[in-house]
Amino acid sequence: MHLDLNELSQLAPIFRELFKGYHVSRRDPELYAQLSNFQDQYRTLFKALGFELVCDTRGFYYFVPDLAAAAVNKTAQRLALFTFIVVEHLADQGRDPVAVLDGGSLGRDELPSLLEKYRDLFIQAEVQTVEELEEKIMRRMTQLGFAGEENGIYRFLPPMHRFLDVCLSVQQDRDLAASLHSVLPLPVPVLIDDDSDEKLLQTDDPLDLSDFEEESEEDAMARAIAEEQETDA
């Protein structure tokens, strides 16, 4: 593909934002329009530079992070943890987590109760005060394009789907496991004694173990003769 760098007029700011982990969405009209209009050209150019540009159909662009770096990225871990917490918090309140995280909002005044309710989890993320929650999580969410903040209201943006997808996947796995255990209960093995004091595993519908005993040569021959006589008859 021929690349005309003159067409990629927003190359520098686009690369700068994507490189630092920012997610470009419709909230950034110039950058988003440029990526949408020249998506293939940008993807080809960035691939040559060693970066994979992803276009999510829900309306945002980002670079696939290096797996090794992502594994130890505290910011990513904190944002993922926060998303899980918000999903559970909203569900407990009877609010639809998907509706809130897909363009909805969360007030700054809700943060103290959120921190108190999930203090043990936040401590694992090295967040112990409301100030740290705002600095280490909420501010980073706005810096990376996951949310916008105005007048004490955090409004979630389309890139939140990256974390929301993970949360929903985990919940679906839990629901499936619960459903399987309730609808299709597995028989519990119990130990019983037989005449030789050997222990056998038995279920509610035990197998006839004699079906699997090895047949002796004499028994096999007798069975073959009997089958032959039945055929002749």
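Note that this is a predicted model, so its numbers are computed, not measured. Numbering of residues starts from 1 in every chain and runs along the sequence as written. It should be noted that, the model being predicted, local features are given only for residues of pLDDT at least 70 and side-chain atom pairs only at 80 or more, the latter also being counted only at that level, while totals for whole chains, interfaces and linings use all residues. As a convention, hydrogens and water are excluded, and side-chain values are obtained from all of the structure's heavy atoms.

## Some points on the packing of helix H5 (residues 74-92) against helix H9 (residues 130-143)
Here is step 1 of the chain: In this analysis an axis means a line fitted to C-alpha atoms, helices contributing only their contacting stretch, and an angle means the value between N-to-C directions, from 0 to 180 degrees. The helix count covers DSSP runs of H or I at least four residues long, the strand count covers runs of E at least two residues long, and both are numbered beginning at the N terminus. Relative orientation of the contacting elements H5 and H9 amounts to 90°, with a least axis distance of 10 Å. One way to sum up the angle between H5 and H9 is to call them roughly perpendicular. Counted together, Thr75, Arg78, Leu79 and Phe82 of H5 and Leu133, Lys136, Ile137, Met138, Arg140 and Met141 of H9 form the full contact between these two elements.
Here is step 2 of the chain: A per-class count over the contact of H5 with H9 returns 6 nonpolar, 1 polar and 3 charged. Should an angle fall under 35 degrees it is taken as roughly parallel, and over 145 as roughly antiparallel, whereas 65 to 115 is taken as roughly perpendicular and any remaining angle as oblique. We call two residues in contact when some of their heavy atoms are within 4.5 Å. For this classification, the nonpolar set comprises Ala, Val, Leu, Ile, Met, Phe, Trp, Tyr, Cys and Pro, the charged set comprises Asp, Glu, Lys and Arg, and every other residue, Gly included, is treated as polar.

## Quick look at H5
Here is step 1 of the chain: Residue count minus one, scaled by 1.5 Å, sets the expected span of a helix. End to end, H5 covers 27 Å across 19 residues, agreeing with the expected 27 Å (1.5 Å per residue, within 8%).
Here is step 2 of the chain: Categorising residues by exposure relies on relative accessible area from a 1.4 Å probe, with only protein chains included: less than 20% of the type maximum marks a residue as buried, more than 50% marks it as exposed, and the intermediate range marks it as partly exposed. Turning to H5, its buried residues number three or more, namely Thr75, Arg78, Leu79, Phe82, Thr83, Ile85, Val86, Val87, His89 and Leu90.
Here is step 3 of the chain: Within two residues after H5, glycine 94 carries a phi angle of roughly 80°, on the positive side.

## So, the nonpolar core
Here is step 1 of the chain: If you look at the biggest cluster of nonpolar residues, it comprises 29 residues, and the most contacted ones within it are Phe82, Phe122, Leu133, Ile137, Met141 and Phe156.
Here is step 2 of the chain: Per-element accounting of this core gives the leading share, 6 residues, to H5.
Here is step 3 of the chain: Apart from the residues lying within four places of it in its own chain, the contact partners of phenylalanine 156 are Val100, Leu101, Gly103, Gly104, Ser105, Leu106, Met141, Phe146 and Ala147.
Here is step 4 of the chain: Counting 15 residues, the second largest nonpolar core, distinct from the first, contains Ile14, Tyr32, Phe46 and Phe63. Nonpolar cores are built from buried Ala, Val, Leu, Ile, Met, Phe, Trp, Tyr and Cys residues. Side-chain atoms within 4.5 Å join them into one set.

## Examining the packing of aromatic side chains
Here is step 1 of the chain: Side-chain rings of Phe, Tyr and Trp, where Trp is taken by its six-membered ring, are said to pair if the distance between their centres is within 6.5 Å; with planes under 30 degrees apart they count as stacked, over 60 as edge-to-face, and otherwise as tilted. Across all of its chains, the model carries 11 aromatic pairs by this definition.
Here is step 2 of the chain: When the centroid spacing of 5.7 Å and the interplanar angle of 65° are considered together, the rings of tyrosine 32 and tyrosine 61 count as edge-to-face. Placement of tyrosine 32 in helix H2 (residues 29-37) and of tyrosine 61 in strand E3 (residues 60-63) is noted, with a sequence separation of 29 residues between them.
Here is step 3 of the chain: Centre to centre, the rings of tyrosine 42 and phenylalanine 46 are 5.7 Å apart; their planes meet at 35°, and the pair counts as tilted. Here phenylalanine 46 and tyrosine 42 lie together in helix H3 (residues 39-48), a separation of 4 residues that amounts to about one turn.

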